[in-house]
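What the coordinates show
If you want the building blocks of each chain, they are given just below.
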Amino acid sequence: MAIPSRPTAHHVPRPGGGATQDEPPARAGRGELAVFTWKVLIVAGVVALGIFLWKVSGTLLLIFTGVLFAILLQRLTGYVRRWTGLGHGLALAIVLLLLVLLVGGGVWLMGTSTAAQLGQLQEQVTKAMDMLPDGWRQRIMERGKEWPWMNQLSSFASGLVYVVGDAVVVMFAALYLAASPGVYQRGVVLLVPPRGQKRACEVMEVAGDSLWKWLIGQLVAMAAVGTMIGVGLWLLGIPSALALGMVAGLLEFIPLVGPFLAAVPALLIGFAQSPQDALWVAGLYLVIQQVEGNLITPLLQKRVVDLPPVVTIGAIAAGGVLFGIMGMFLATPIAVVVLVLVNLLYIEDRLGEERHFPSDKS
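Our subject in this report is the structure included herewith.

Time to look at the nonpolar core. For soluble globular proteins, the rule of thumb is that nonpolar side chains tend to be buried together. Phe64, Leu68, Leu211, Trp214, Leu215, Phe253 and Leu330 are the most contacted members of the largest nonpolar core, which totals 16 residues. With residues near it in sequence (within four places) discarded, Phe253 still touches Trp214, Leu215, Gln218, Met222 and Phe329. Counting 15 residues, the second largest nonpolar core, distinct from the first, contains Leu233, Ala241, Ile269 and Ile288.

Below you can see the structure in the form of structure tokens.
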């Protein structure tokens with residue numbers, strides 16, 4: 001009698017491309033360990049990259065600020081070249097000269113007006129102190145003697161040094177980027193694989209155009225606030241209304257914090273005339289900032305870059321929590337860049353739908 005042969009074992013692959021049923025357990029275990037090791041290394045690399053970016057976030061924010069000012073310089077230089085027919089270098093020099101004259105003139109006007117009002121301010125403070133009850137005046141004088149003036153002055157001086165250093169970094173970064181924008185753009189594109197370099201150039205162009213539109217909206221808001229402040233102070237009879245309006249317009253570029261900084265010299269000059277004038281000045285700044293924050297800026301940003309007001313407010317809040325004042329300063333333009341990347345790289349490239357940002361109607 002013939003003995004039936006044993007059926008041949010078939011190789012049944014595991015779902016997902018794993019080891020076969022008759023594969024030795026040791027080899028299958030090594031394969032799973034290798035996959036697990038790669039996953040751990042990828043997660044560790046992402047975490048390390050996140051920590052590194054967090055550590056250098058201050059430097060990255062300064063570079064981004066330089067990019068913003070470089071876009072401003074480059075677009076203004078383009079206008080000057082179109083109007084005059086000059087080369088890029090001469091047109092950039094003219095733009096820089098005009099900006100230096102504008103900022104320097106505002107600082108000079110503000111300095112002379114403040115110096116002229118210091119004597120009156122001291123007299124008003126002395127009169128206000130004399131009007132206080134004896135007990136309150138004595139307590140204020142004792143607290144003044146106990147106040148650590150030297151420590152506060154040292155802290156302020158060190159903070160001022162850091163601010164000046166950051167301003168120098170931003171200035172030189174903006175100058176180099178505006179002088180040779182193509183060099184740095186090609187350097188960034190070379191980091192992308194060849195098949196995606198054309199798309200990278202398009203994304204950078206759209207992001208730069210969106211940031212320029214955002215800058216236009218910001219400049220219009222600055223001009224509106226500066227004009228309203230200057231006219232309002234002139235109607236109130238406050239000295240140096242023009243200089244104070246220029247300062248208010250320039251500091252309007254800094255969200256949330258800038259308006260408070262702009263109000264300080266105006267309040268001091270108003271108080272130098274009378275406490276009543278100081279109250280009128282405070283009311284003027286409060287009303288104008290409410291109009292600017294709730295009407296002018298949200299409508300402008302939605303018009304020029306189609307940035308929803310809620311996104312603007314949320315970006316400023318998140319930037320302040322994560323990176324402090326500098327984060328608040330750059331929160332809105334960073335949100336603009338993020339929305340550009342989401343619309344081009346995800347909505348268009350991944351989902352295949354038409355992008356909704358930036359607006360083509362502006």
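Moving on, we get to the packing of aromatic side chains. Summed over the entire model, instances satisfying the criterion amount to 2 aromatic pairs. Aromatic side chains Tyr79 and Trp83 sit 6.0 Å apart centroid to centroid with 15° between the ring planes, which places their arrangement in the stacked category. In this pair, Tyr79 and Trp83 are both assigned in helix H2 (residues 57-84), 4 residues apart and thus about one turn of the helix distant. Trp83 sits in the exposed class, given a relative accessible area of 71%.

Taken N-terminus to C-terminus, the directions of helix H7 (residues 197-236) and helix H8 (residues 241-251) make an angle of 155°; their axes are 7 Å apart at the nearest point. On the basis of the axis angle, H7 is roughly antiparallel to H8. Crossing geometry of H7 relative to H8 is assigned as right-handed. For the pair H7 and H8, contact is made by Met222, Val225, Gly226, Ile229, Gly230, Leu233 and Trp234 and by Ala241, Leu244, Gly245, Ala248, Gly249 and Leu250, respectively. Of the residues that constitute the contact of H7 with H8, the class distribution is 9 nonpolar, 4 polar and no charged.

Tallied over the full model, the rule gives 5 salt bridges. Close ionic contact of Glu202 with Arg199 constitutes a salt bridge, the shortest N to O distance being 2.9 Å. Here Glu202 pairs with Arg199, and both are found in helix H7, just 3 residues apart, close to one helical turn. With a shortest N-O distance of 2.8 Å, Glu348 and Arg199 are connected by a salt bridge. Of this pair, Glu348 sits in helix H11 (residues 309-348) while Arg199 sits in helix H7, and the two are 149 residues apart along the sequence. By relative accessible area, Glu348 is classed as partly exposed at 22%. One salt-bridge network, held together by shared partners, links Arg199, Glu202, Glu348 and Asp349.

Calculation criteria
- Think of each chain on its own: its residues are numbered from 1, step by step along the sequence as written.
- Note on the predicted model: pLDDT of at least 70 is required for a residue's local features to be given, and 80 or more for side-chain atom pairs to be given and counted; whole-chain, interface and lining totals, by contrast, use all residues.
- Neither water nor hydrogens contribute to the side-chain values; these are computed over all heavy atoms in the structure.
- Nonpolar core, defined: a set of buried Ala, Val, Leu, Ile, Met, Phe, Trp, Tyr and Cys residues in which side-chain atoms within 4.5 Å join the residues together.
- Think of it in three bands: with a 1.4 Å probe and only protein chains considered, a residue is buried below 20% of the maximum accessible area for its type, exposed above 50%, and partly exposed in between.
- We call two residues in contact when some of their heavy atoms are within 4.5 Å.
- A pair of Phe, Tyr and Trp rings is counted when the ring centres sit within 6.5 Å of each other, with Trp represented by its six-membered ring. The angle between the planes then sorts it: under 30 degrees is stacked, over 60 is edge-to-face, the rest tilted.
- Helix and strand labels come from DSSP, where a helix needs a run of H or I of at least four residues and a strand needs a run of E of at least two; each type is numbered from the N terminus.
- Here the axes come from fitting lines to C-alpha atoms, over the contacting stretch only for helices, and the angles between their N-to-C directions go from 0 to 180 degrees.
- An angle below 35 degrees is treated as roughly parallel, one above 145 as roughly antiparallel, one from 65 to 115 as roughly perpendicular, and anything else as oblique.
- For any pair of crossing helices, the crossing counts as left-handed if the nearer helix is rotated counterclockwise from the farther one by less than a right angle, and right-handed if it is rotated clockwise.
- In the scheme used here, Gly and all other residues not listed as nonpolar or charged are polar, with Ala, Val, Leu, Ile, Met, Phe, Trp, Tyr, Cys and Pro taken as nonpolar and Asp, Glu, Lys and Arg as charged.
- We count a salt bridge whenever a side-chain nitrogen from Lys or Arg sits within 4 Å of a carboxyl oxygen from Asp or Glu.

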